[in-house]
Amino acid sequence: MLVRHGVISTLGQLTSHSPSSSTVIRRQQFLVRTLCGSRTYLPKLTRAMSSTSEADAESVLRTVTPSLDPKRHKGQAGKIAVIGGCREYTGAPYFAAISALKIGADLSHVFCTKDAAPVIKSYSPELIVHPVLEESYTISQFSEEEKRKVQDKVIGEVDKWMERFDCLVIGPGLGRDPFLLECASKIMLLAKKFNVPFVVDGDGLFLVTNSIDLVNSYPLAVLTPNVNEYKRLVQRVLNCEVDEENAEDQLRSLAKQIGGVTILRKGKSDLISNGEIVKSVSIYGSPRRCGGQGDILSGGVAVFLSWAQQLKSDPESPSESPVILGCIAASGLLRKAASLAFTKHKRSTLTSDIIECLGESLEEICPAS
Ligand SMILES: NC(=O)C1=CN([C@@H]2O[C@H](COP(=O)(O)OP(=O)(O)OC[C@H]3O[C@@H](n4cnc5c(N)ncnc54)[C@H](O)[C@@H]3O)[C@@H](O)[C@H]2O)[C@@H](O)CC1
Ligand SMILES: Nc1ncnc2c1ncn2[C@@H]1O[C@H](COP(=O)(O)OP(=O)(O)OP(=O)(O)O)[C@@H](O)[C@H]1O
Ligand SMILES: [Mg+2]
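Since the model is a prediction, treat every value here as computed from it, not as a measurement.

Definitions and cut-offs
Residues numbered from 1 in each chain as written. Chains lettered and ligands numbered in written order. Predicted model: local features only at pLDDT ≥ 70, side-chain atom pairs only at ≥ 80, totals over all residues. Heavy atoms only, no water. UniProt positions renumbered as here; feature names shortened; annotations may be inferred. Helix = DSSP H or I, 4+ residues; strand = E, 2+ residues; numbered from the N terminus. Core = buried A, V, L, I, M, F, W, Y, C linked by side-chain atoms within 4.5 Å. Buried < 20%, exposed > 50% of the residue type's maximum accessible area, 1.4 Å probe, protein only. Contact = heavy atoms within 4.5 Å. pLDDT = per-residue confidence, 0-100. Near = heavy atom within 4 Å. Polar contact = N/O pair within 3.5 Å; in protein donor to acceptor, adjacent residues only side chain to side chain. Areas by Shrake-Rupley, 256 points an atom, 1.4 Å probe, with all protein chains shown as cover. 1 Å grid on protein atoms, 1.4 Å probe; cavity = no way out; pocket = protein on both sides within 12 Å on 5 of 7 lines; lining within 4 Å. Sits in = over half its atoms within 2 Å of the grid points. Nonpolar A, V, L, I, M, F, W, Y, C, P; charged D, E, K, R; others polar. Expected span 1.5 Å × (residues − 1). Arc of directions from axis to C-beta.

**Q** Now, about the UniProt feature "domain: YjeF C-terminal" (unreviewed entry) in the protein: what can you tell me, with residues and values included?
**A** Mapped onto this numbering, the UniProt entry annotates "domain: YjeF C-terminal" (unreviewed entry) at residues 57-365. Annotated as 49% helix and 13% strand, the span residues 57-365 places its first and last C-alpha atoms 10 Å apart.

Laid out in structure tokens, this is it:
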């Protein structure tokens, strides 16, 4: 039994199977639950979420965050992988991966280019960094056949690990190199094959906007567009401009049009929809718009989504899909941490300051003991 904040979870079957069989069962159950919703509900939470489109993010955070049970082993609180990091960007994948750890995941991997890897490793020894991705300039002399072999090698390196991950974050600091993006699209196909959820952010959204089939109808995909990324998605998929007057309806239509993927539209209020419901998270927040806050959010969604899927075996689990719960929790926590960092640092608040406030913010909402 796993005692949660306000929720008792039965995780017996997870520990009684071998890791691989339990992983397979967990993923299948998660997929079913995400597709169908749960039959039961947690009255307080459901009331909080259905009475208004503003989600009770603190209540969701308390529900999905697991307690620190001494019986649990390394890995059970989440294994996250970030696909991103190239010659240009090393900050974004670092922010996403370290945020996952600071929130409470056990392991955080980064799959990046060979150039980016030593830089990202030097930021933190906590991250497991795989220098496996290639950019076009490193293979410009290669024939088409040789390029295909390089691509197969890249995918093979990710494939070895895929089954172990609870969630991927694809795109922070990935860049827009065509060869890199092609590899990222193959990684998405691989994740779908293993029913591994993934969050698409940053340049991953650039890729998906131009190849919507990569995520279409995959219920375990979360898109986290910022203002520019959302505009491009709306133009490409709905063939119109962003309509602020009918923001919720338009978001619902967009998510529906992409086959029920979940979209977290970032902004003054974060809006979340899977094509059926729309929830907003408006609590806390900060007036500072320093780059990197979206990266924290993407790492956070990956962790909370992984935790929310563990609620599935709980007969009292919330009726909302784990994907929606993960988005609400991550948004609420990021906004609280940003607000706390701003009270301390004012105009000089940076993304690193917000990351430092993640633990304190979560602690205030659901204390570790
Ligand atoms: N410290 C870091 O390493 C950070 C890296 N970041 C990464 O930076 C990358 C870009 O993210 P942004 O949030 O800036 O993306 P945006 O799409 O919001 O903006 C990128 C900029 O490029 C322009 N642009 C738009 N379409 C373009 C196109 N087709 N080709 C080239 N440029 C275009 C936009 O006008 C904008 O000025 C992502 O990989 C993101 O993850 C950000 O997360 C911020 C922090
Ligand atoms: N106008 C705003 N007012 C208040 N909060 C905002 C506003 N815009 C964004 N946010 C908050 O900042 C978070 C990150 O959103 P942002 O638009 O900065 O993402 P991003 O551009 O992808 O960031 P990054 O620089 O990491 O790529 C959102 O989840 C939201 O909570
Ligand atoms: Mg971003």
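There's more to say after this.
**Q** Tell me what's going on with the nonpolar core, and back it up with residues and numbers.
**A** If you look at the biggest cluster of nonpolar residues, it comprises 62 residues, and the most contacted ones within it are Leu127, Val301 and Phe304. For this core, the element with the highest residue contribution is helix α13 (residues 322-345), accounting for 13 residues. Apart from the residues lying within four places of it in its own chain, the contact partners of valine 301 are Val199, Val222, Leu264, Gly326, Cys327 and Ala330. By size, the runner-up hydrophobic cluster in this structure holds 50 residues, among which are Cys86, Ala184, Val237 and Ile258.

**Q** Describe the confidence of the model for the protein, with residues and values.
**A** When pLDDT is averaged along the protein, the result is 89, and 86% of the positions lie at 70 or above. Between the elements of the protein, mean pLDDT differs from a low of 32, seen in helix α1 (residues 12-16), to a high of 99, seen in strand β7 (residues 198-200). A low-confidence stretch, residues 1-19 stays under pLDDT 50, and its non-local contacts, those more than four residues away or across chains, total 49 contacts. Note that residues 36-52 has pLDDT below 50 and, in this model, 35 contacts with residues that lie over four places away or in other chains.

**Q** A description of the site of ligand 1 should follow, citing residues and the corresponding values.
**A** Near ligand 1 lie 16 residues; those nearest to it are Arg176, Asp203, Asn228, Arg232 and Asp295. Contact between ligand 1 and aspartate 295: an oxygen atom at 2.7 Å from a side-chain N or O atom of the residue. Look at ligand 1: alone it shows 840 Å² of surface, and the protein chains cover 56% of it. Counting atoms within 2 Å of the grid points, the majority share of ligand 1 lands in the largest pocket. Sorting the residues of the shell around ligand 1 by element identifies α5 (91-103), α9 (203-210) and α10 (227-238) as the ones contributing at least two each. It is α5 that provides the largest number of residues to the shell around ligand 1, a total of three residues. The residue inventory of the shell around ligand 1, partitioned by class, reads six nonpolar, six polar and four charged.

**Q** Can you explain α10? Please cite residues and give values.
**A** Here α10 is 12 residues long and its end C-alpha atoms lie 16 Å apart, about the 16 Å a rise of 1.5 Å per residue gives. Buried within α10 we find Glu229, Tyr230, Leu233, Val234 and Val237. Taken down its axis, α10 places every buried residue within 135 degrees of arc, on the same side. Tucked inside the fold, the buried residues of α10 contact α9, β8 (221-223), α11 (247-257) and β9 (262-265).

**Q** Help me get a handle on the site of ligand 2, residues and values and all.
**A** Close contacts around ligand 2 come from 14 residues, with Asn226, Lys266, Asp270, Gly292 and Gly294 the closest. For ligand 2, an oxygen atom lies 2.7 Å from a polar atom in the side chain of lysine 266. Within the backbone of glycine 267, one N or O atom sits 3.3 Å away from a nitrogen atom of ligand 2. Alone, ligand 2 offers 630 Å² of accessible surface; in the complex the protein occludes 76% of this. Given that more than half its atoms are within 2 Å of the pocket grid, ligand 2 belongs to the largest pocket. Of all the secondary-structure elements, those providing two or more residues to the shell around ligand 2 are α12 (293-310) and α13. Residue contributions to the shell around ligand 2 peak at four residues, all from α12. Taken together, the residues that form the shell around ligand 2 break down as two nonpolar, six polar and six charged.

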